[in-house]
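Analysis of the macromolecular model
What follows is each chain in one-letter form.
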Amino acid sequence: MNKLSLLLLVVLFSFTACKSSRLVNPGDPINVSYQKGVDKFEAGNYSDAAEIFEAVTRIGRGTNYAQDAQYYLAESYFMQKRYILAEAEYRRFITFYPRDPKREEVDYKKALSLYHQSPRYRLDQTATRKAIEEFQLFNSRYPNSELVPESAEKINELREKLARKYFEAAEFYSRTEQYNAATIYYDLVIDRYPESKWAESSLLKQIKTYNDYASKSVLSKQVERYNFAISSYEKYIQLFPQSPGRGEAESLRDKAEKGVKDAQQRIQQRENNQTN
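In this text the structure is predicted, and so the values were computed from the model without any measurement.

Some words on helix H6 (residues 103-117)
Between its terminal C-alpha atoms H6 stretches 21 Å, which fits the 21 Å expected from 15 residues at 1.5 Å a residue. Burial runs high along H6: 11 of the 15 residues are buried. Packing partners of the buried residues in H6 comprise helix H4 (64-79), helix H5 (83-96), helix H7 (126-141) and helix H8 (148-175).

Right, dumping it as structure tokens:
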């Protein structure tokens, strides 16, 4: 950088440093201000560091100081647990400096920022789904990274949360006797998250729910719904043949088969009465 360029940066910095006057002295060269930010960061004063780095990124764009400041700005927000801001600044770093050697780390920290935004399972899970996508992209882009195992663990943890959300929704619909909705949500757990700890319970509960649904249905629908219970049992045996829950599943199947037989007999009896 020639002397004229450095002088211009000093002048520009003096105008933008006004809001950071207690941190950056007007007229400080950009390298001095950048070092102040680094010192604050290393001392654990991440709020002040973020303020300084934000000023450096605005004034020094196109310089190595701005590039490093952008990274530290994201890191400062991350260390403060301000994950929405951290994610935004990591994304900005990737946009401006896609070939930087720190790209792999930044990609992972971006995903990790979304991971930390993921709320309790009862709440909206948009951030959870985005975090899963980012971790999957990371694993695809850096298959040999030492962070891949940790990334895979995060994916599994987040998928468990989504599975639980569907499972709890199914439980609610079952308790309130909205049986069709309950079976749909149990199906979502089974089909989308078969590896989760909620899948087996969902399939077992689905068999019971179809039985309850059939028993409270009009006669013309009972056979079909009991047969759905039997189909769910058959899927259960295929997926969990050695499960301790097999005995319960077989009892529910027996109930469904009896329900089919009883409903068919009643239908036949009704038809005979109409014929006579």
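Side note on unusual backbone geometry
Even without being a glycine, Lys81 presents a positive backbone phi close to 65°. Structurally, the position occupied by Lys81 is in the loop between H4 and H5. Phi is positive for Glu177, which is not a glycine, with a value near 60°. Structurally, the position occupied by Glu177 is in the loop between H8 and helix H9 (179-192). On the basis of relative accessibility, which here comes to 48%, the residue Glu177 falls in the partly exposed class.

Digging into the nonpolar core
Ranked by size, the top nonpolar core spans 48 residues in total, and within it Phe53 and Phe135 carry the most contacts. Elements represented by at least two residues in this core include exactly helix H2 (30-42), helix H3 (46-59), H4, H5, H6, H7, H8 and H9. Counting residues in hydrophobic clusters, the runner-up holds 23 residues, among them Leu204, Leu219, Tyr233 and Ala249.

As for the environment of Val38
Relative to the helices and strands, Val38 is located in helix H2. If we ignore the near neighbours within four places in the chain, the residues touching Val38 are Phe53 and Tyr72.

Concerning the packing of aromatic side chains
For the structure on display, the rule yields 24 aromatic pairs. By the ring-pair criterion, three or more aromatic residues cluster together here, those being Tyr34, Phe41, Tyr46, Phe53, Tyr65, Tyr71, Tyr72, Phe93, Phe96 and Tyr97. Over the aromatic face of Tyr71 sits the side chain of Lys102, whose NZ or CZ is 5.1 Å from the ring centroid.

The rules behind these values
Residues numbered from 1 in each chain as written. Predicted model: local features only at pLDDT ≥ 70, side-chain atom pairs only at ≥ 80, totals over all residues. Heavy atoms only, no water. Helix = DSSP H or I, 4+ residues; strand = E, 2+ residues; numbered from the N terminus. Expected span 1.5 Å × (residues − 1). Buried < 20%, exposed > 50% of the residue type's maximum accessible area, 1.4 Å probe, protein only. Contact = heavy atoms within 4.5 Å. Core = buried A, V, L, I, M, F, W, Y, C linked by side-chain atoms within 4.5 Å. Phe/Tyr/Trp six-rings, centres within 6.5 Å; stacked < 30°, edge-to-face > 60°. Lys NZ or Arg CZ within 6 Å of the ring centre and 35° of its normal.

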